[in-house]
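Structural description and commentary
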Amino acid sequence: MPRALWSAVPVALASLVTFAACREPGVTNGAAAALFVRVDAAGTPATLVVVEVSAPDINPALLFNIPVTNGVAVDTISVPAGPSRTFAMRAYAANGVQTNAGSVTVDVVPGANPAISIVLTALTGGMPIHATLGSVTVTVTPATDSLTAGSTVRLTAVIRDGNGNIVAGGVRWATGNPGVASVDTTGLVTAAGRGATTIAATFQGVAGTAAVVVR
């Protein structure tokens, strides 16, 4: 090997070692994860949820504003993959006053991430707000229905990943009040008595819901 080329080898190896040493363990170059955010704020004055994502290698922090519509805030956010991502969530009323806050620190990987639950504690004695963060979303249709005692309706659940693709898998059905309506393992709802209840379909810690009223 020519002397000039041979002498360049240690320099190249040293540069490679230095580059590798500077990389933070667990950080994936340029990779990002699409995460679904669902915040159930029904019964609270919250009209906007602010999501702040921070980490040693995320500077400045990422900010996302998610409006609350009909008591629910839903959105998809993109977050760089890596360790120790802190998700801080704050809920605000229409007058701009902060009502709830909560946070969690987790590792984020490219692709699918397990569902994480976050409780946003009320700052002034109000109701807590429950949020879910994960890589899939569950949508139940119809989202609302009105029944009479003894009648039935078939609900369906669709699971999608962060890219909007349908995910194969079964959901677990449950009712919030069996005295109002029951649901079987296939999503068939049977009205029992007057009132209102929520029917939920859960997949890997993520739930989609439908509101059922029995008249």
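In case you missed it, the structure is sitting above this.
Reference entry: report on the structure contained in this document. (Residues numbered from 1 in each chain as written. Predicted model: local features only at pLDDT ≥ 70, side-chain atom pairs only at ≥ 80, totals over all residues. Heavy atoms only, no water.)

This part is about the sheet that holds strand E17 (residues 206-214). Judged by pairing direction, the sheet is mixed, and its four strands sit side by side in the order E10-E17-E16-E13 without closing on themselves. Two strands bound the open sheet, and with one partner strand each, they are strand E10 (144-147) and strand E13 (172-175). Neighbour-to-neighbour, the strand axes of the sheet open up by a mean angle of 25°, direction not taken into account. Taken together, the four bridges between E10 and E17 define a ladder with parallel strand orientation. Note on E17: the bridge partner recorded for Asp145 is Val212. (Pairing = 2+ DSSP bridges. Helix = DSSP H or I, 4+ residues; strand = E, 2+ residues; numbered from the N terminus. Axes fitted to C-alpha atoms, helices over the stretch in contact; angles between N-to-C directions.)

For the rest of this paragraph, the subject is the sheet that holds strand E11 (residues 152-154). Taken in spatial order, the three strands of this open sheet run E11-E15-E14, and their pairing is antiparallel. Bordering the open sheet on either side are E11 and strand E14 (181-183), each of which pairs with just one other strand. Between one strand axis and the next, the sheet turns by 20° as a mean value, whatever way the strands run. With three bridges joining them, E11 and strand E15 (residues 188-191) adopt antiparallel strand pairing. Note that in E15 the partner of Thr152 across the bridge is Thr190.

Don't take any of this as a statement about function, it's just geometry.
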